[in-house]
Amino acid sequence: MTFLDALPILQNGILAGVVVALVSAFLGVYVILKRIVFVSAAISQISSLGVACAFLVAVFFGHHASEVKSQFLSGPGLTSVVFACVAAIILARQVSEKRITRESILGIGYLLPAGLTLLILDLLSAEAHAIEDILFGNSVFVSVDQLRVQVATAVAVLLIHLLLYKEFIFTSLDPETATACGMRTQLFNRILLLTIAFTISVSIMSIGALPVFAFMVIPASAALTLTERLRNAFLLSVVFGVSAALVGFYLSFVFSLPTGPAMLTTAGLFLIPGGLRTLVQRWRLG
Amino acid sequence: MPPLLAAHDLSIGYGGRPLLSDIDLSIEQGDWWGVVGPNGAGKTTLIKTLLGIIPALRGKIERRPGLSFGYVPQRGVIDDIFPLPALDVVVMGRYPRIGPCRPVTRADRELALRYMERVGIAHLARKPFRSLSGGQKQRTLIARGLVPEPDVLVLDEPTDGMDLAGETGIMELISDLQRGSGQTLLMISHSLNLVANHAKQLMLIHGAEGVFRTGMTDELLNGKTLEEIYHLSVDVHSFAGRRFLFAHGSTDTKEKA
């Protein structure tokens, strides 16, 4: 079977991958600029814990995992989003770093949910397959419902960013000055983190945690090494992300590779031009 | 005419712990305040409290209705990872005036360019901010502080880490702004010599000692007051219309001896 023959079966997966890549690569520019890469890692783990908790509670009350999975949007999908958003609000708070550093909090925020999720998966080993499908995503076969949720999330998030672009940039670049000039810095920071949390929690159920994390980090990193204009960085990041999703998906089909890692590795190729540019600049400076 | 900004019985600090209490001050239109004191004295905490960046622990801050601030942070605050041309950094000063969900207009960009011209860096408008020298970055941030056309411009250590030429250039620029348009200024500095020759009014702070003095520069710049703040024997001399301050060592050491 050729790729074109399989396209009708794969189209939801491809579309989901493209939409996730587009919105994640866009948000990734903020993730890199605000130096909050590990906030997105922690949010994805906390979001996964939300999914696992929904299954645990349902099974505790005598439901089967497949029933929970069929009520995805009112069950694990909802708990995933709620857990991620609560985590984002907590992580948006400034902490005094005298006793515990921000990195420590993020490390704990990543490790504890990861451990708890694995424990829950072990407890529900009989239902593990159904849960893992949601938890780690299935980039190839994405349901129409999931695709709709994904597209609606992307549209809403990009619309918010279009309307509040100035505010997000100023409060990210220089929060103190923004506050001094009368901007509601904390509010804008919370909204920005909520859009990231919402995107992560919805996206990991489409294509899995690893590719989402990769789309948040790699295209933006590649773009930021290539331009001195912020708008170009957003544009390049989105182009790199979407290209990596499409090419990665195609390569995974042709060479029978796992889709998520194929997309991630393809995204990594976009780091090469920026790396070369940096090397040339250093060489010129001697 | 009510003052632009007044503080009554103000207590400042972090996490509920007061650093300095019983602060009373009044800032009028056209004032040029220097905020000085030793490292860790509470200068930045006081200014951030007045600006509303951190909450006051006690007391009252009265701002004239509609009062606006321009803030010039230390240039190291701006993360070089942001790929922004200098003009885009300056235009940001307009954002609070433009408001959410509204685009930046050509008029905003032209105004930003005018202020870049005023501080002598219009030719750098398209250069990446991160590639500018320390002095050029500071001028960019001053232009950003001015572009909302604020009632009060607040500068936090604008000459910190600069060489003599950079320091002189920035201080001349700030003084020109004050002379030319009567801009109300508040400038934090750890350099008493610098402030002594430019600011009309002084706030002398030493949080750990609970000392807070305000007044005209001429009145406050005397050995007795400076000894109280710095625990140093300080001579104040005037020559060719300029003030020179010389410290002679710690008075604590002398007392112990």
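Everything numeric here is computed off the predicted structure, so don't read it as measured data.

**Some points on the overall build of chain B**
Then comes step 1: On a plain count of helices and strands, chain B comes out with 10 helices and 11 strands.
Then comes step 2: Its C-alpha atoms put chain B at 65 × 40 × 40 Å along the principal axes.
Then comes step 3: Look at the contacts in chain B between residues 6 or more apart in sequence, and 65% of them connect residues 24 or more apart.
Then comes step 4: When the accessible surface of chain B is split by element, carbon and sulfur atoms take 50% of a total near 11,600 Å².
Then comes step 5: The average position of the 29 basic charges and that of the 29 acidic charges among the side chains of chain B differ by 7 Å.

**Some points on the interface of chain A and chain B**
Then comes step 1: The interface of chain A with chain B comprises 24 residues on the first partner and 28 residues on the second.
Then comes step 2: Buried surface at the junction of chain A and chain B, both sides included, amounts to about 2,600 Å², of which 66% is carbon and sulfur.
Then comes step 3: Area buried by chain A at its contact with chain B is led by K166, L173 and E176 of chain A, which between them contribute 27% of it.
Then comes step 4: Linking chain A with chain B are four salt bridges.
Then comes step 5: Of the charged contacts in the structure, one is a salt bridge between D174 of chain A and R144 of chain B, with a shortest N-O distance of 2.4 Å.

**Remarks on empty space enclosed by the protein**
Then comes step 1: The tally for this structure, following the rule as stated, stands at one cavity of 30 Å³ or more.
Then comes step 2: Volume-wise, the largest cavity comes out at about 30 Å³.
Then comes step 3: Considering the residues around the largest cavity, the lining is formed by L173 of chain A together with I78, D79, D80, F82, L84, V89, F129 and R130 of chain B.
Then comes step 4: Partitioned by chemical class, the residues of the lining of the largest cavity number six nonpolar, no polar and three charged.

**Quick look at the packing of helix 8 (residues 165–173) of chain A against helix 10 (residues 185–207) of chain A**
Residues and elements named next belong to chain A.
Then comes step 1: Here helix 8 crosses helix 10 at 110°, and the two axes come no closer than 9 Å. With respect to helix 10, the element helix 8 is oriented roughly perpendicular. Listed contacts from helix 10 to E167, F168, T171 and S172 of helix 8 are T185, F188, I191 and L192.

**Structural notes on the sheet that holds strand 2 (residues 17–27) of chain B**
Across a sheet, paired strands are connected by hydrogen bonds in the backbone, their directions being either parallel or antiparallel.
All names here are of chain B.
Then comes step 1: Taking strand neighbours across the sheet as the criterion, the three strands line up as 2-1-4 in an open arrangement whose pairing is antiparallel. Of all the strands in the sheet, the pair left with one neighbour each is strand 2 and strand 4 (58–63). Here the average twist between neighbouring strands, direction ignored, is 30°.
Then comes step 2: Note that strand 1 (residues 5–14) and strand 2 share seven bridges and pair antiparallel. The residue bridging Y14 from the neighbouring strand is R17, located in strand 2.
Then comes step 3: Running over the sheet, helix 1 (residues 43–51) touches strand 1, strand 2 and strand 4 and is turned about 125° from strand 1.

**Observations regarding the pattern of salt bridges**
Then comes step 1: Enumeration over the complete set of coordinates arrives at 13 salt bridges over all chains.
Then comes step 2: The residue R35 of chain A makes a salt bridge to D79 of chain B at a minimum N-O spacing of 2.6 Å. Of the two residues, R35 of chain A is situated in the loop between helix 1 (3–33) and helix 2 (37–60) and D79 of chain B in the loop between strand 5 (69–72) and helix 2 (86–91); the pairing between them involves two chains.
Then comes step 3: Take R35 of chain A: its relative accessible area is 55%, and that puts it in the exposed class.
Then comes step 4: A salt bridge links K48 of chain B to E176 of chain A; its shortest N-O distance comes to 2.6 Å.

**Regarding the side chain of Q201 of chain B**
Then comes step 1: Within the element layout of this structure, Q201 of chain B appears in strand 8 (residues 201–206).
Then comes step 2: Apart from the residues lying within four places of it in its own chain, the contact partners of Q201 of chain B are D31, W32, W33, G34, G215, M216 and T217 of chain B.

**Here we look at the sheet that holds strand 8 of chain B**
All names here are of chain B.
Then comes step 1: Here six strands make up an open sheet; going across it, the order is 5-6-7-3-8-9 and the pairing mixed. Since the sheet does not close on itself, it has two edges, and those belong to strand 5 and strand 9 (211–216), each with one partner. Strand after strand, the sheet turns through a mean of 15° between neighbouring axes, direction not considered.
Then comes step 2: Note that strand 5 and strand 6 (residues 152–156) share four bridges and pair parallel. Bridged to G70 within strand 6 is L153.

About the cut-offs
Residues numbered from 1 in each chain as written. Chains lettered and ligands numbered in written order. Predicted model: local features only at pLDDT ≥ 70, side-chain atom pairs only at ≥ 80, totals over all residues. Heavy atoms only, no water. Helix = DSSP H or I, 4+ residues; strand = E, 2+ residues; numbered from the N terminus. Contact = heavy atoms within 4.5 Å. Areas by Shrake-Rupley, 256 points an atom, 1.4 Å probe, with all protein chains shown as cover. Lys, Arg positive; Asp, Glu negative; His and termini not counted. Charge placed at Lys NZ, Arg CZ, Asp CG, Glu CD. Buried area = accessible area lost by both parts, 1.4 Å probe. Salt bridge = Lys/Arg side-chain N within 4 Å of Asp/Glu carboxyl O. 1 Å grid on protein atoms, 1.4 Å probe; cavity = no way out; pocket = protein on both sides within 12 Å on 5 of 7 lines; lining within 4 Å. Points joined across faces, edges and corners; volume = space filled by probe spheres on them. Nonpolar A, V, L, I, M, F, W, Y, C, P; charged D, E, K, R; others polar. Axes fitted to C-alpha atoms, helices over the stretch in contact; angles between N-to-C directions. Parallel < 35°, antiparallel > 145°, perpendicular 65-115°, else oblique. Pairing = 2+ DSSP bridges. Buried < 20%, exposed > 50% of the residue type's maximum accessible area, 1.4 Å probe, protein only.

Note that all results are geometric; they support no functional claim without further evidence.
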